[in-house]
Amino acid sequence: MLIMASFVPLFGQNSPCGEWKMFKEQGNYKVYVRECTDSPIKEFKVLDRFKGNFDTLIKLMNDVKMTQILNKSCTEARVVKDLGNNESVQYFYFDLPLMLADRDVVTKCHTYNMATAYKIESETYTENVVPLKKDAIRLKKVKTYYYFEKLPDGMIQMEYIGRADPNGWIPAWLVNTMAQVEAQKMVDKLKRLVQR
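First, a word on scope: everything that follows refers to the structure included in this document. (Residues numbered from 1 in each chain as written. Predicted model: local features only at pLDDT ≥ 70, side-chain atom pairs only at ≥ 80, totals over all residues. Heavy atoms only, no water.)

Comments concerning the side chain of E149
Residue placement: E149 occurs in strand β9 (residues 140-150). Here E149 sits buried without a salt bridge, and the closest side chain of opposite charge, R49, lies 9.8 Å off (N-O distance). (Helix = DSSP H or I, 4+ residues; strand = E, 2+ residues; numbered from the N terminus. Buried < 20%, exposed > 50% of the residue type's maximum accessible area, 1.4 Å probe, protein only. Lys, Arg positive; Asp, Glu negative; His and termini not counted. Salt bridge = Lys/Arg side-chain N within 4 Å of Asp/Glu carboxyl O.)

Below is the structure:
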């Protein structure tokens, strides 16, 4: 995996988070978490290796509306602005359960594509380009990183790192638990789609 070494997440540089600790291992699927000094919200990392069509994977990941398929609470996903150079501003709205206020987020997303490697990296976009909907809360300090590599044996190696501050009352333990549960659901759905 020589390519993967050159795709270290940019937001991992000067990170306020500590060392990764294994949280779950199930076959090729592994989850790591780490504590962060700037928030009780933990950062998580998912590693997996699975069979699938790499071209289909890239097509799916390039479609911002795929978030609505991969995350059932996401009811709106769209590109707000194309910044050029494989960068765009994207908007997502999440319809949360009754006791929790809905959340939305505006992110700046950068993609990088090679014949056998694909990366998406996004973080909170601070310019006010989308009005906040009534009764919704805007997420802050959102960072996600997806890296996929097509291996010689036809398998796909995946790395997914994420952390999001819910910006409002949701207990940290619940955020940390749900982030890992939702991550596994997302990965499972993605694998099913690329294995068709």
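Remarks on the nonpolar core
If you look at soluble globular proteins, the nonpolar side chains tend to sit buried side by side. Grouped together as the largest cluster of nonpolar side chains are 27 residues, with contacts concentrated most on V46, L57, M61, F148, Y160 and L190. Secondary structure elements with two or more residues in this core: β2 (29-36), β3 (39-51), α2 (54-62), α3 (66-70), β7 (117-124), β9, β10 (155-165) and α4 (172-194). With six residues, α4 is the single largest residue contributor to this core. When sequence neighbours within four positions are dropped, the list of residues in contact with V46 reads Y29, K30, V31, M158, E159, Y160, A183 and V187. One finds V64, F94, V105 and V142 within the second-largest nonpolar core, a separate group that totals eight residues. (Core = buried A, V, L, I, M, F, W, Y, C linked by side-chain atoms within 4.5 Å. Contact = heavy atoms within 4.5 Å.)

Quick look at the packing of aromatic side chains
To describe a pair of aromatic rings, you give the distance between the ring centres and the angle between the ring planes. Under the criterion given, the structure shown has three aromatic pairs. Relative to Y160, the ring of F44 has its centre 5.4 Å away and its plane inclined at 90°; by these criteria the two rings are edge-to-face. With F44 in strand β3 and Y160 in strand β10, this residue pair connects regions lying 116 residues apart in the sequence. On the basis of relative accessible area, Y160 is assigned to the buried category, the value being 10%. The lysine or arginine in question, K45, covers the ring of Y32, its NZ or CZ lying 5.3 Å from the ring centre. (Phe/Tyr/Trp six-rings, centres within 6.5 Å; stacked < 30°, edge-to-face > 60°. Lys NZ or Arg CZ within 6 Å of the ring centre and 35° of its normal.)

Some words on α4
The end-to-end C-alpha separation of α4 is 33 Å, in line with the 33 Å expected for 23 residues at 1.5 Å each. Listed in full, the buried residues belonging to α4 are V175, N176, Q180, A183, Q184, M186, V187, L190, K191, L193 and V194. (Expected span 1.5 Å × (residues − 1).)

Some remarks on the state of the cysteines
For the coordinates displayed, the defined rule picks out one disulfide. The side chain of C17 participates in a disulfide bridge whose partner is C36; the two sulfur atoms lie 2.0 Å from each other. Measuring handedness by torsion sign, the sulfur bridge of C17 and C36 sits at about 95° and is right-handed. Of this pair, C17 sits in the loop between α1 (2-5) and β1 (21-26) while C36 sits in strand β2; the two residues are 19 residues apart in sequence, bridging distant segments of the chain. No disulfide involves C74; its sulfur sits 13 Å from that of C109, the nearest cysteine. Given a relative accessible area of 3%, C74 falls into the buried group. (Disulfide = S-S within 2.5 Å.)

As for the pairing of β10
Within β10, nine of the eleven residues are buried, which leaves the element mostly enclosed by the surrounding structure. Both β3 and β10 contribute to a ladder of eight bridges, which runs antiparallel. By the bridge assignment, K45 is partnered in β10 with I161. Bridge count for β9 against β10 is nine bridges, and the pairing is antiparallel. By the bridge assignment, F148 is partnered in β10 with M158. (Pairing = 2+ DSSP bridges.)

Considerations on unusual backbone geometry
With a phi close to 60°, N86 is a non-glycine residue in the positive phi region. Locating N86 in the fold gives a position in the loop between β4 (74-84) and β5 (87-94). Of the residues examined, N86 reaches a relative accessible area of 53% and is grouped as exposed. With a phi angle near 50°, K141 is a residue other than glycine that sits in the positive phi range. The residue K141 is located in strand β9 in this model.

Things to note about the side chain of E43
Along the polypeptide, E43 turns up in strand β3. Here E43 falls in the buried class, since its relative accessible area comes to 3%. Polar contacts involving the side chain of E43 include one to the side chain of R34, which spans 2.6 Å. (Polar contact = N/O pair within 3.5 Å; in protein donor to acceptor, adjacent residues only side chain to side chain.)

Functional significance is not addressed by these values, which are geometric in nature.
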